[in-house]
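# Commentary on secondary and tertiary structure
Okay, here's what each chain looks like letter by letter:
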Amino acid sequence: MKKIVVMISGSGSNLEAIIKACNSRKIYGEIVFVISNNPDAYGIERAKKYSIPIKIIDHNKYSKRDDFDDVLVKFLDDLDIDLIILAGFMRILGENITQKFYGKMINLHPSLLPLYPGLNTHTQALNNKDKYHGISIHFVTAKLDAGPLIAQGKILIKAEDDLEKLIARIHKVEHDLLPKVINELCLNNIYLNCETHKVMYSDKLELKMSPIYFNN
Ligand code: GAR
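This section reports on the structure supplied with the text. No experiment lies behind these values; they were computed from the predicted model shown.

In the vicinity of the ligand, the residues found are Ser11, Gly12, Ser13, Asn14, Gly88, Met90, Leu108, His109, Pro110, His171 and Glu174. Here His109 contributes a side-chain N or O atom positioned 3.3 Å from a nitrogen atom of the ligand. Contact with the protein chains hides 86% of the accessible area of the ligand, taken as 450 Å² for the molecule alone. When each cavity is represented as a set of grid points, the ligand is found to reside in the largest pocket. When contributions to the shell around the ligand are tallied by element, the ones reaching two or more residues are helix 1 (13-23), strand 5 (105-109) and helix 6 (163-186). Class assignment for the residues of the shell around the ligand results in three nonpolar, seven polar and one charged.

Going residue by residue along strand 9 (residues 198-201), you find Val199 and Tyr201 tucked away on one face and Lys198 and Met200 left uncovered on the opposite face. Across four bridges, the pairing between strand 8 (residues 190-193) and strand 9 is antiparallel. Counted as the bridge partner of Ile190 is Tyr201 from strand 9. Remark: four residues form the turn of the hairpin made by strand 8 and strand 9, two consecutive strands paired antiparallel; His197 in that turn has positive phi of roughly 65 degrees.

The next point concerns the packing of aromatic side chains. Each aromatic ring pair is summarised here by two numbers: the centre-to-centre distance and the angle between the ring planes. Per the counting criterion, the structure on display carries two aromatic pairs. Aromatic pair Phe33 and Phe75: ring centres 5.0 Å apart, planes at 90 degrees, arrangement edge-to-face. Placement of the pair is Phe33 in strand 2 (residues 29-36) and Phe75 in helix 3 (residues 65-79), with a sequence separation of 42 residues. Look at Phe75 and you get buried, because its relative accessible area is 16%. Where Tyr62 meets Phe68, the ring centres are 6.2 Å apart and the plane angle is 65 degrees; that geometry is what we call edge-to-face.

Analysis parameters
- Residues numbered from 1 in each chain as written.
- Predicted model: local features only at pLDDT ≥ 70, side-chain atom pairs only at ≥ 80, totals over all residues.
- Heavy atoms only, no water.
- Near = heavy atom within 4 Å.
- Polar contact = N/O pair within 3.5 Å; in protein donor to acceptor, adjacent residues only side chain to side chain.
- Areas by Shrake-Rupley, 256 points an atom, 1.4 Å probe, with all protein chains shown as cover.
- 1 Å grid on protein atoms, 1.4 Å probe; cavity = no way out; pocket = protein on both sides within 12 Å on 5 of 7 lines; lining within 4 Å.
- Sits in = over half its atoms within 2 Å of the grid points.
- Helix = DSSP H or I, 4+ residues; strand = E, 2+ residues; numbered from the N terminus.
- Nonpolar A, V, L, I, M, F, W, Y, C, P; charged D, E, K, R; others polar.
- Buried < 20%, exposed > 50% of the residue type's maximum accessible area, 1.4 Å probe, protein only.
- Pairing = 2+ DSSP bridges.
- Phe/Tyr/Trp six-rings, centres within 6.5 Å; stacked < 30°, edge-to-face > 60°.

The following block contains the structure:
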């Protein structure tokens, strides 16, 4: 079983989806720690509910970004983990940490990258009257939301979608696709070739890079 760390900053609904998938053996792995940079994140309560160890590393306590990253690296090093999932983790990580865990750290982002890196992705999709919106799961590099893409989930934006409805539909896609991708990573059916920067997929895998359409 692979040892997984999930990093969060807020509500943690994706964390809970991952926990449930681990508990029902839909993910061949176990969450050994949840790390939050926000001491008030609701995700901490969710982790507690399932008795998962929690580490809070409050970024406000560090005046420099690198100091926060160094503490994080030290903590992760001691855990000796296989996979780090950024699931609603809202801090930018620097070169040091992203290089060290290149190929082991993935991020969930609520847009069809390369569209809308950064914040307010749903608002941008609505304001631009986009036909589609979606989510991306990618390996993390120091460049924000720009690492090698693993999988994307896509939905048609409906006429009745306001911000709240769109976010709820996007969450559904995330809760479905993220645990599936994590499981394939745990089984080594997906991995990153760190020299070519290419994401490799086992032949038998249906889950590949072309966006998967969700009809929710
Ligand atoms: C998710 O929608 C995730 O895609 C997004 O934050 C939300 C966290 O929800 N992540 C980012 O915007 C990262 N750039 P959750 O806390 O309920 O899992």
